[in-house]
Amino acid sequence: MTIHHHPDIATLMAFSAGTLDEVYTTVVATHLAMSEGGRETVKRIDAIGGALLATETEETLAAGSLDRLLSALDGDRIEVVPHDERGDLPLPLQSFLPRGLDGVRWKWTGPGVATADLGWSKSGHSRLMLLRVAAGRRVPEHGHGGQELTLILRGAYKDRFGVFAVGDIADHDEDVEHQPIAEPGEDCICLVAVDAKLTFRGRLMRALQPLFGL
Amino acid sequence: MYAVLMSDPESGQPRGIDIMDEPNDLLMRVAHSQDKFALAALFNLYGPRIKSMMLKLGASDALAEDLVQETFLTVWRKAALFSSQRGAASTWIFTIARNLRIDQLRRQSNKPYEDLSKIELASDAPTGSFLAEQHQVIDRVTIALGALSVEQQEVVRLSFIHDLPHAEIATRIGIPLGTVKSRLRLAYERLRPMLEDLQ
C-alpha cells in the first residue's frame, strides 16, 4: 500500500519520546504498522533519544547496584516472535477489535454516519472511536476541540486536503475545519483519536461534539 | 572503572573489557555470547544516565534505581533482538527505558511499541547493516543537537528526556502549543541529514 498522507513530524517525535496520550499512541502505532516508510522515519527519530541518552548527565548509582544486577541475571531470554500476519487488522488494533472490522457493533449517529466507541485513554483526556461513513455521504463540516488523528482502515474519503485512502492519516490541529466526503463505492471506516477536554454533559456528547458540532 | 569487573569471579568470561570498545560491540557480545562483562560495561556507561532520566520524571531515588535495574535486565533478556535491528546501542537502550517509563506511569494499556517490533522482525527490510558505524552516527547527531538554537534544544530535551507532552512543554515555557510543534519540526529538519545516515 502506498501512503500519501503521513503524521506531522512533531506527532512522530512525541511518539518516539513516548509522550503521546494513550489513544493517539494507538492510532499512530496502527498507522506505522501499515507504513514501512513511517517506521523508517520513527527509527531515525529514535536516534535523537539515543544521542540525548549518550550525553545525559550522570547520577551516581547506589553502592552495589552492579552486583544487584549481575545476581539477578538468569537464563531468561525474551523471545519476540515475529508477527504472523492474519486477519484484516493491523496488530496494534487487534486487541480492541477481537472480532475484526466486520464484527463491530455500530451506533447510528446521523444520516449515513455510524460510530463505535473503543474506549478512553487512562488519562481521561482523549477517546478512541471508529467512524463509518456510507459511500458517497458527507460528514457535517466540523472543527476540532483539540488534536484529531484519523486513520483510514477501509475505503477512502476526500476533503480540501485531498483523497485519504487506506493507511493514510489525517493529523489535524484544533484550528482546522474540514468536511470529508466518503468516496463512492465502499463505506469509509476510520480509526479516530479525539481530544475530549470539552465540557459537555455526557461522554458521548463530548466525543461527538467535535465531529458534529453539537 | 572496569577493575572491579575484571576480578568478578561470578562471570567466568575469559574476555575483559577494553575501554575503547564501542557500545554496539558490547551489546553484540551480550547478544551472542551472554557476556556479563560486556553487560556490566554497558551498565556503567548508561546506568547513571538512565537514572538521571528517571529522576527527571519525579521518580524517587529508590524507584529510579529500580528502573535502571529493570532496564538492564531487559537489555540482557532481549539482547538477541538488537542484532536483528539497525541502530545504535544507545538508541536501543533509550527505547527500552522509554517503554519502562510508559509502563511505570501506566500510560498505555496495550503494547503498541512491542507490536511494532514484532512487525519489524517479520518484515524483510535489510537488517544488521553497518552496525559498527552506528555509534559514529550518534556522535554526529549529538554534535548537530548541540548546534541547534537554545530554544530548539530546550523543547527536544523536555520532550525526550523530561518526558513532557507537547501541551505541558507549552505551559512550562509559556509559549503556544503551535510554537512547541514548529520548534520541533525545525529541529528535525536540522538533524535530518545526520539521521538519514542511519539508513
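What you are looking at is a predicted structure, and each value in this text was computed from that prediction instead of being measured.

Student: How do you make sense of the overall build of chain B when you look at a structure like this?
Tutor: Helices and strands together make up the secondary structure of chain B, namely 10 helices and 0 strands. Listed by position from the N terminus, the elements making up chain B come as α-α-α-α-α-α-α-α-α-α. Relative to its full complement of 199 residues, chain B shows a buried share of 43%. Long-range pairs, those at least 24 residues apart, make up 62% of the contacts in chain B between residues at least 6 apart in sequence.

Student: Sorry, what's going on with helix α3 (residues 36–54) of chain A here?
Tutor: Between its first and last C-alpha, α3(A) extends 27 Å over 19 residues, near the 27 Å set by a 1.5 Å rise per residue. Within α3(A), 15 of the 19 residues are buried, leaving the element largely enclosed by the surrounding structure.

Student: I tried to follow the sheet that holds strand β1 (residues 107–110) of chain A on my own but got confused; where do I start?
Tutor: Each strand in a sheet pairs with another by means of backbone hydrogen bonds, the pair being arranged parallel or else antiparallel. All names here are of chain A. The strand order β1-β2-β3-β9-β4-β7 describes an open sheet built from 6 strands, whose pairing is antiparallel. Two strands bound the open sheet, and with one partner strand each, they are β1 and β7 (169–172). The sheet shows a mean angle of 30° between the axes of neighbouring strands, direction not considered. Bridge analysis of strand β3 (residues 126–133) against strand β9 (residues 188–195) gives 8 bridges, and the strand direction is antiparallel.

Student: I keep staring at the domain arrangement of chain B and nothing clicks. Help me out?
Tutor: By a widely used convention, the size of an interface equals the accessible area lost when the partners come together. Residue and element names in this part refer to chain B. The assigned domain composition of chain B is domain 1 (3–128) and domain 2 (147–199). Taken residue by residue, the interface counts 6 residues in domain 1 and 4 residues in domain 2. In terms of residue class, the side of domain 1 that touches domain 2 is built from 2 nonpolar, 1 polar and 3 charged.

Student: Sorry, what's going on with the nonpolar core here?
Tutor: Core analysis: the largest hydrophobic core is formed by 102 residues, its most contacted members being Ile48(A), Cys190(A), Leu27(B), Val30(B), Leu39(B), Leu42(B) and Val141(B). Per-element tally for this core: the top contributor is helix α3 (residues 36–55) of chain B, with 11 residues. Counting residues domain by domain, this core receives three or more from each of domain 1 (3–128) and domain 2 (147–199) of chain B. Every residue in contact with Val141(B), bar those within four places of it in the chain, is listed here: Ala47(A), Ile48(A), Ala51(A), Leu191(B), Met194(B) and Leu195(B).

Student: Which parts of the structure should I look at to understand the sheet that holds strand β5 (residues 156–159) of chain A?
Tutor: Residues and elements named next belong to chain A. With antiparallel pairing, 3 strands are arranged side by side in an open sheet as β6-β5-β8. The open sheet has two edge strands with one neighbour each: β6 (162–165) and β8 (181–182). As paired elements, β5 and β8 share 2 bridges and run antiparallel to each other. If you follow Tyr157 over to β8, its bridge partner there is Ala182.

Student: What should I look at first to understand the packing of helix α9 (residues 166–173) of chain B against helix α10 (residues 177–196) of chain B in this one?
Tutor: Helix-helix packing is characterised by the crossing angle of the two axes and by the distance between the axes. All names here are of chain B. Closest axis-to-axis distance for the α9/α10 pair is 8 Å, and the angle between their directions is 110°. Taken as axis vectors, α9 and α10 run roughly perpendicular relative to one another. Contacts between α9 and α10 pair His166, Ala167, Ile169 and Ala170 from the former with Leu177, Val180 and Lys181 from the latter.

Student: Got a minute to help me understand the interface of chain B and chain A in this structure?
Tutor: Of the residues lining the interface, 70 residues belong to chain B; the matching set on chain A comes to 52 residues. Going through the elements one at a time, α3, α4 (61–82), α5 (89–104), α6 (112–122), α7 (134–146), α8 (150–160) and α10 of chain B are the ones with two or more residues in the side of chain B that touches chain A. Per-element accounting of the side of chain B that touches chain A gives the leading share, 11 residues, to α3(B). Per-class residue counts for the side of chain B that touches chain A are 36 nonpolar, 15 polar and 19 charged.

Student: So what exactly am I meant to see when it comes to the environment of Asp88(A) here?
Tutor: Residues and elements named next belong to chain A. Within the element layout of this structure, Asp88 appears in the loop between α4 (65–72) and α5 (91–94). Of the residues examined, Asp88 has 12 C-beta atoms within 10 Å and is grouped as exposed. For the pair Asp88 and Leu153, spaced 65 residues apart in sequence, the C-alpha separation works out to 9.4 Å. Contacts of Asp88, omitting those with residues within four sequence positions, involve Gly100 and Leu101.

Student: Would you explain α5(B) in this entry?
Tutor: One turn of an α-helix holds 3.6 residues; hence residues three or four places apart share an orientation. Spanning 16 residues, α5(B) covers 22 Å between terminal C-alpha atoms, matching the ideal 22 Å at 1.5 Å per step. A large share of α5(B) lies buried, amounting to 12 of its 16 residues. Restricting attention to buried positions, one finds in α5(B) the residues Ala89(B), Ser90(B), Thr91(B), Trp92(B), Ile93(B), Phe94(B), Thr95(B), Ala97(B), Arg98(B), Leu100(B), Arg101(B) and Ile102(B). Against α3 of chain A together with α2 (23–33), α3, α4 and α7 of chain B lie the buried residues of α5(B). Downstream of α5(B) by one or two residues, Arg106(B) has phi in the positive range, about 50°.

Student: Where do I start with the environment of Gly162(A) in this structure?
Tutor: Residue and element names in this part refer to chain A. As for its position among the elements, Gly162 is in strand β6. With 12 C-beta atoms packed within 10 Å, Gly162 lands in the exposed category. When the C-alpha positions of Gly162 and Pro180 are compared, they lie 9.5 Å apart, and in sequence the two are 18 residues distant.

Student: Got a minute to help me understand the pairing of β6(A) in this structure?
Tutor: Regular strands place side chains that alternate from one sheet face to the opposite one. All names here are of chain A. Of the pairings in the sheet, the one linking β5 to β6 comprises 4 bridges and is antiparallel in character. Within β6, the position partnered with Lys158 by the bridge is Val163. Between the end of β5 and the start of β6, which pair antiparallel, lie 2 residues.

Student: Could you clarify how one ought to interpret unusual backbone geometry in this entry?
Tutor: Glycine aside, residues mostly have negative phi, and peptide bonds are mostly found in the trans state. Residue and element names in this part refer to chain B. Backbone geometry at Gln34 places phi at a positive 45°, although glycine is not the residue there. In this model, Asp163 sits at a positive phi of 65°, which is unusual for a non-glycine residue. Along the chain, Asp163 falls in the loop between α8 and α9. Taking the C-beta count within 10 Å as the criterion, Asp163 has 21 such neighbours and is therefore assigned buried.

Student: I'm lost on the confidence of the model for chain B in this one. Help?
Tutor: Detailed reading of predicted coordinates is not advised where the pLDDT is low. All names here are of chain B. Taken as a whole, chain B shows an average pLDDT of 85; of its residues, 82% reach a score of 70 or greater. Confidence over residues 1–15 falls short of pLDDT 50; this stretch has 16 contacts with residues more than four positions distant or in other chains. Here the predicted complex carries an ipTM of 0.88, next to a pTM of 0.89.

Thresholds, definitions, all that
- Residues numbered from 1 in each chain as written.
- Chains lettered and ligands numbered in written order.
- Predicted model: local features only at pLDDT ≥ 70, side-chain atom pairs only at ≥ 80, totals over all residues.
- Helix = DSSP H or I, 4+ residues; strand = E, 2+ residues; numbered from the N terminus.
- Buried ≥ 20, exposed ≤ 12 C-beta atoms within 10 Å, placed from the backbone.
- Contact = placed C-beta atoms within 7 Å.
- Expected span 1.5 Å × (residues − 1).
- Pairing = 2+ DSSP bridges.
- Axes fitted to C-alpha atoms, helices over the stretch in contact; angles between N-to-C directions.
- Domains from an automatic or database assignment.
- Nonpolar A, V, L, I, M, F, W, Y, C, P; charged D, E, K, R; others polar.
- Core = buried A, V, L, I, M, F, W, Y, C linked by C-beta atoms within 7 Å.
- Parallel < 35°, antiparallel > 145°, perpendicular 65-115°, else oblique.
- pLDDT = per-residue confidence, 0-100.

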